[in-house]
Amino acid sequence: MISKKLEEAINNQINRELFSEYYYLSMASYFSSTGLSGFENFFLVQVEEERFHAMKMYRFLNERGGRVFLQEIEAPKTEFNSPLDVFELAYGHEQLVSILINNLMDLAIQENDHAAKRHFDWFVEEQVEEEASMETILNKLKLVKGEGHGLLMMDNELAQRVFTPPVK
């Protein structure tokens, strides 16, 4: 059985993961409107990842005897200035999610909930990868100044990304 405090915190995280899905869908839509289909694809894959994260939290909470209470999802930003702007925002968002996951881990440690700690370990590791991915693309965009042939080469590279659900 999971504590009410952890149940509430996980419900809040489910909401944040679903917001992330929505936020990245908005970014994909922006790229679709600019003709950068590879960048669009990158964020459509990101949408699938965020849904996977939300559902992983959903299943864990249900398995532990808690109950999922869906909350309103805030509207994401819909206007962006450039690909560089989008990735600066996405990187900042992933840094925020890392803080939220760390807060969940802190709560699991405080409550000495070993199952929750083990569950959140996966998310801690995932966030290292998420931040690194966004930062790498952001740095490449800065190198090419977010334009020209470099931008088109990146678009082609990002078109190759596919979603592969983690085995774990």
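Small disclaimer: the values here were computed from a predicted structure and weren't measured.

**Student:** Would you mind going over the nonpolar core with me for this structure?
**Tutor:** Most often, soluble globular proteins keep nonpolar side chains buried together rather than apart. Of all hydrophobic cores here, the largest spans 24 residues; its most connected members are Met27, Phe31, Phe39, Phe43, Phe87 and Met134. Put simply, the parts of the chain that give this core at least two residues each are helix H1 (4-34), helix H2 (37-63), helix H3 (83-110), helix H4 (114-143) and helix H5 (148-158). At seven residues, H1 tops the list of elements feeding residues into this core. Aside from chain neighbours lying at most four places away, what touches Met27 is Phe43, Phe80, Val86, Leu89 and Ala90. Counting residues in each nonpolar core, the second largest holds 22 residues, with Ala9, Ile14, Met105 and Ala108 among its members.

**Student:** Looking at this structure, how should I read H1?
**Tutor:** The periodicity of an α-helix, 3.6 residues per turn, causes residues three or four places apart in sequence to face the same way. Its 31 residues place the ends of H1 45 Å apart at the C-alpha level, agreeing with the 45 Å of an ideal helix rising 1.5 Å per residue. Just past H1, the residue Gly35 takes up positive phi, approximately 85 degrees.

**Student:** What is the right way to look at a nonpolar patch on the surface in this model?
**Tutor:** Taken together, the side chains of Tyr22, Leu25, Leu44 and Ile73 present a nonpolar region at the surface, about 330 Å² in accessible area. By relative accessible area, which is 32% here, Ile73 ends up partly exposed.

**Student:** Just to check I follow, could you spell out unusual backbone geometry for this structure?
**Tutor:** Despite not being glycine, Asn112 has its phi angle at roughly 55 degrees, a positive value. Position of Asn112 relative to the elements: it lies in the loop between H3 and H4. With a phi close to 60 degrees, Lys145 is a non-glycine residue in the positive phi region. Positionally, Lys145 belongs in the loop between H4 and H5.

**Student:** Got a minute to help me understand the side chain of Ser26 in this structure?
**Tutor:** If you trace the backbone, Ser26 turns up in helix H1. Beyond its immediate sequence surroundings of up to four residues, Ser26 is in contact with Pro76, Lys77, Thr78 and Phe80.

**Student:** Would you mind going over the pattern of salt bridges with me for this structure?
**Tutor:** Side-chain pairs of opposite charge can arise whenever the charged atoms involved come near each other. What the rule picks out here adds up to six salt bridges. Between Arg161 and Glu49 there is a salt bridge, with its nearest N and O atoms 3.0 Å apart. With Arg161 in the segment after H5 and Glu49 in helix H2, this residue pair connects regions lying 112 residues apart in the sequence. Comparing Arg161 with Glu49 shows no difference in burial state: the two are buried. The residue Arg64 makes a salt bridge to Asp113 at a minimum N-O spacing of 3.0 Å. Separated by 49 residues along the polypeptide, Arg64 in the loop between H2 and H3 and Asp113 in the loop between H3 and H4 bring together distant segments of the chain. The same class applies to Arg64 as to Asp113, namely buried.

**Student:** Where do I start with the packing of H3 against H4 in this structure?
**Tutor:** The axes of two packed helices give the description: the angle between them and the distance between them. Between H3 and H4, the least distance of the axes is 9 Å, while the angle of their chain directions is 165 degrees. For the element pair H3 / H4, the angle class is roughly antiparallel. The interaxial crossing formed by H3 with H4 has left-handed handedness. Partitioned by chemical class, the residues of the contact of H3 with H4 number 19 nonpolar, four polar and eight charged.

Definitions and limits used
- Residues numbered from 1 in each chain as written.
- Predicted model: local features only at pLDDT ≥ 70, side-chain atom pairs only at ≥ 80, totals over all residues.
- Heavy atoms only, no water.
- Core = buried A, V, L, I, M, F, W, Y, C linked by side-chain atoms within 4.5 Å.
- Buried < 20%, exposed > 50% of the residue type's maximum accessible area, 1.4 Å probe, protein only.
- Helix = DSSP H or I, 4+ residues; strand = E, 2+ residues; numbered from the N terminus.
- Contact = heavy atoms within 4.5 Å.
- Expected span 1.5 Å × (residues − 1).
- Patch = residues over 30% accessible without salt bridge, like charges linked within 9 Å, V, L, I, M, F, W, Y side chains within 5 Å.
- Areas by Shrake-Rupley, 256 points an atom, 1.4 Å probe, with all protein chains shown as cover.
- Salt bridge = Lys/Arg side-chain N within 4 Å of Asp/Glu carboxyl O.
- Axes fitted to C-alpha atoms, helices over the stretch in contact; angles between N-to-C directions.
- Parallel < 35°, antiparallel > 145°, perpendicular 65-115°, else oblique.
- Left-handed = near helix turned anticlockwise from the far one by under 90°.
- Nonpolar A, V, L, I, M, F, W, Y, C, P; charged D, E, K, R; others polar.

Nothing here speaks to function; it is all geometry.
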